[in-house]
Amino acid sequence: MSEVHILVFPYPAQGHILALLDLTHHLALSGLTITIIITPQNLPILNPLLSTHPNTIKSLTLPFPSHPNIPPGAENIREVGNSGNYPFINALSKLQPQIIQWFTSHHNPPVALISDFFLGWTHQLATQLRIPRLAFYSSGAFFTTVATRCWHNPHLLHAPGIINFPEIPGTPSFKREHLPSVFLRYRESDPESELVRDSFISNASSWASIFNTFRALEGPSLDHIRAELGHPRVFSVGPLGSNRLDSDPNRGSEVLRWLDGVKEEGSVLYVCLGSQKLLKREQMEALALGLERSNTRFIWVVKKATTKQHVEEGYGLVPNGFSDRVLGRGLVVQGWVPQVAILGHNAVGGFLSHCGWNSVMEAMVAGVAILGWPMEADQFLNARLLVEDQGVAVRICEGADYVPNPDDLGRVVNEAMSVGSSQKRKAKVMREEATEAVSEGGDSCKNVDELVKTLVH
Ligand code: BUP
């Protein structure tokens, strides 16, 4: 095969970047040459890919454009929280001239651009470069059907109470507050609203769409998207993540050793609420008490406060004496852990999760029950798909500011973690489906092959 060169542009949030890099790894294994656009502070995330594919993956490292609403040095949304997406998207769009200059002077310019669905403006960039743009969704297909419907009919965003979606498979209806807050803030001619809306609309006009999902989970939504777009180029390639490369092979060895010491299969609950959300003091206390009152083994990944104000207000603070009280039964860890490896450990049977889409996909592959605490963005809709439609999850509570009742929390944990709970049984079925999808001849595997074929021709 002659060198087919693809340009990849991830969005700098952990949940977005990791998933697109997982896909990039697959594409490189299929023989494509790839350049990844990145800014300097995010470059280390690429290290495992760059060292695994030294001849075929390169980075195009561009300085992060300054922006009045982004603190100097912050180049990843993890450093500013979810509310900072708008300035980030805006700042990154200023890279356009440098990308064009690089492209036009390249001896073998890329034949296609795969970019994150938050970077809708790259659709126009690709048009200017006269190459197809493929929108990569690190969110689910069900969420995307709802979101696209909303942005084509913004009056829905102001409908009071319950919103109905009769045109969408399953005719879902749900509370307005369960849409991402950026949708609810929609105002015509407001720059943030227009940017988000234009992004979704540009994504839909892009040449193709790639989803980190699989047919057995979201077949009807994928078919609906295909029908709405009026073309077949909708590739479901998930669950991604099971072949994730880690820059530090020793990361999390303490946690994995602890799990090795657990004899009962599926008895440990993994508690991790994503890379962005920091719990306030009352939430930390309630969650700690709930875990203590359950009689379940657990690993709790705690996100530490980084700003002075958050430290002073007790955000992310594990209550005094908690670790000692649960010694032997529970492990509290701070910092980044190898989530995919933990979920895949035999001892783990449940995942108390914010229902971020990557976490959902990783839970599917691992065959663990989800105990959902959706908080923002697409998480409420993800939880709906998992709880009401698929039965693979139970909703433990919901809302970014919600302070759960420890007794209720402990009770739901015990029920969902009991041997043979309905969620655990359903999770095992989903594991079969997810594993089949990404195995040779499986639907997602065929879609990756198909995607590579379309890029090569
Ligand atoms: Br925290 C954490 N280790 O310690 P989501 C996360 N992850 O590997 P998010 C780790 O980050 P969104 C850790 O495996 C997953 O791939 C995890 O993505 C990994 O949630 C990713 O689940 C987190 O989508 O993003 O980051 O809160 O805004 O997309 O929900």
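1. Focus: the pattern of salt bridges
On inspection of all chains with the given rule, the structure shows 15 salt bridges. With its nearest N and O atoms 3.3 Å apart, the salt bridge here joins Glu167 to Arg149. Of the two residues, Glu167 sits in the loop between strand 6 (162–164) and strand 7 (173–175) while Arg149 sits in helix 6 (residues 141–152), which places them 18 residues apart along the sequence. Residues joined in a network through salt bridges with shared partners are Asp22, Arg244 and Glu362.

2. Re the side chain of Asn203
For Asn203, the position within the fold is in helix 8 (residues 191–205). For Asn203, a relative accessible area of 0% corresponds to the buried category. A distance of 2.8 Å separates the side chain of Asn203 from the backbone oxygen of Phe117, its partner in a polar contact.

3. Quick word on the environment of Leu245
Checked against the element boundaries, Leu245 lands in the loop between strand 9 (234–236) and helix 10 (253–260). According to the relative accessible area criterion, Leu245 is partly exposed, its value standing at 29%. Among all residues touching Leu245, those that are not within four sequence positions of it are His25, Pro48, Leu49 and Thr52.

4. Examining the sheet that holds strand 15 (residues 393–395)
If you walk across this open sheet you meet the six strands as 12-11-10-13-14-15, and the pairing is parallel. The open sheet has two edge strands, strand 12 (330–334) and strand 15, and neither has a second partner. Ignoring strand direction, the axes of neighbouring strands in this sheet form an average angle of 20°. For strand 10 (residues 268–272) and strand 13 (residues 348–353), the ladder comprises five bridges, and the chain directions are parallel. In the sheet register, Val271 faces strand 13, and the bridge partner there is Leu352. Set on the sheet, helix 10 makes contact with strand 10, strand 11 (297–302), strand 12 and strand 13; between it and strand 12 the angle comes to about 170°.

5. Here we look at the sheet that holds strand 8 (residues 208–211)
The parallel open sheet is built from seven strands, whose spatial order is 3-2-1-4-5-8-9. The open sheet terminates on both sides in strands that have one partner only, identified here as strand 3 (57–61) and strand 9. Sheet twist, expressed as the mean angle between neighbouring strand axes with direction ignored, is 20°. Where strand 4 (residues 112–116) meets strand 5 (residues 133–137), four bridges bridge the pair, whose relative direction is parallel. Counted as the bridge partner of Ile114 is Leu134 from strand 5. The strands touched by helix 5 (residues 122–129) are strand 1 (5–9), strand 4 and strand 5; relative to strand 4, the strand with the most contacts, the crossing angle is about 170°.

6. A short note on the site of the ligand
Near the ligand, the surroundings consist of 17 residues, among which Ser275, Val337, Asn358, Ser359 and Glu362 are the closest. The side chain of His354 places a nitrogen or oxygen atom 3.0 Å from an oxygen atom of the ligand. The backbone of Trp357 places a nitrogen or oxygen atom 3.5 Å from an oxygen atom of the ligand. Protein chains bury 94% of the 640 Å² of accessible surface belonging to the ligand in isolation. Contributing elements (two or more residues each) for the shell around the ligand: helix 1 (14–29) and helix 15 (357–366). In terms of residue count, helix 15 provides more of the shell around the ligand than any other element does, four residues in total.

7. Observations regarding the packing of helix 1 against helix 2 (residues 43–52)
Close contact between helix 1 and helix 2 brings their axes to 10 Å; oriented N to C, the two are set at 5°. Classified by the angle their axes make, helix 1 and helix 2 are roughly parallel. Along its contact with helix 1, which presents Gln14, Ile17, Leu18, Leu21, Thr24 and His25, the element helix 2 presents Ile45, Leu46, Leu49 and Thr52. Along the lines of polarity and charge, the residues of the contact of helix 1 with helix 2 split into six nonpolar, four polar and no charged.

8. With respect to the nonpolar core
Membership of the largest hydrophobic core comes to 65 residues, with the highest contact counts inside it found for Val146, Leu179, Phe183, Tyr270, Ile299 and Met364. Looking at this core element by element, the count peaks at seven residues for helix 6. Discounting chain neighbours no more than four positions away, the residues touching Tyr270 are Ile299, Val301, Val337, Gln339, Ile342, Leu343, Val348, Gly350, Phe351 and Leu352. Counting residues in hydrophobic clusters, the runner-up holds 31 residues, among them Ile57, Ile210, Phe235 and Val237.

9. Description of the pairing of strand 10
Note on strand geometry: in a regular strand, side chains alternate between the two faces of the sheet. The buried fraction of strand 10 is high, at five of five residues. Burial of the side chains of strand 10 extends over both faces: Val268, Tyr270 and Cys272 are buried on one face and Leu269 and Val271 on the other. Since strand 10 and strand 11 lie parallel, the crossover through helix 11 (residues 281–293) that links them has a hand, and here it is right-handed.

10. Re the packing of helix 15 against helix 18 (residues 422–438)
Following both chains from N to C, one finds helix 15 and helix 18 inclined at 100°, their axes separated by 6 Å at the closest point. Considering the angle they form, helix 15 stands roughly perpendicular to helix 18. Packed against helix 15, whose contacting residues are Met364, Val365 and Ala366, the element helix 18 presents Met430, Arg431, Ala434 and Thr435 at the interface. For the contact of helix 15 with helix 18, the class distribution of residues is five nonpolar, one polar and one charged.

11. Digging into unusual backbone geometry
Cis geometry marks the peptide bond from Gly238 to Pro239, where omega comes out at -5°. In the Ramachandran plot, Ala377 falls in the positive-phi region, its phi being about 50° despite a non-glycine side chain. Take Ala377: it is sitting in the loop between strand 14 (369–372) and helix 16 (379–389).

12. Topic: helix 5
If you check which residues of helix 5 are buried, you get Thr122, His123, Leu125, Ala126 and Leu129. Down the axis of helix 5, the sector holding all buried residues measures 160°, keeping them to one side. Residues of helix 5 that are exposed and point more than 90 degrees away from the buried face comprise Thr127 and Gln128. Buried positions along helix 5 lie against strand 1, helix 4 (96–104), strand 4, strand 5 and helix 8. Of the residues one or two after helix 5, Arg130 is the one with positive phi, at around 60°.

Definitions and cut-offs
Residues numbered from 1 in each chain as written. Predicted model: local features only at pLDDT ≥ 70, side-chain atom pairs only at ≥ 80, totals over all residues. Heavy atoms only, no water. Salt bridge = Lys/Arg side-chain N within 4 Å of Asp/Glu carboxyl O. Helix = DSSP H or I, 4+ residues; strand = E, 2+ residues; numbered from the N terminus. Buried < 20%, exposed > 50% of the residue type's maximum accessible area, 1.4 Å probe, protein only. Polar contact = N/O pair within 3.5 Å; in protein donor to acceptor, adjacent residues only side chain to side chain. Contact = heavy atoms within 4.5 Å. Pairing = 2+ DSSP bridges. Axes fitted to C-alpha atoms, helices over the stretch in contact; angles between N-to-C directions. Near = heavy atom within 4 Å. Areas by Shrake-Rupley, 256 points an atom, 1.4 Å probe, with all protein chains shown as cover. Parallel < 35°, antiparallel > 145°, perpendicular 65-115°, else oblique. Nonpolar A, V, L, I, M, F, W, Y, C, P; charged D, E, K, R; others polar. Core = buried A, V, L, I, M, F, W, Y, C linked by side-chain atoms within 4.5 Å. Right-handed = clockwise from strand over helix to strand, strands pointing away. Arc of directions from axis to C-beta.

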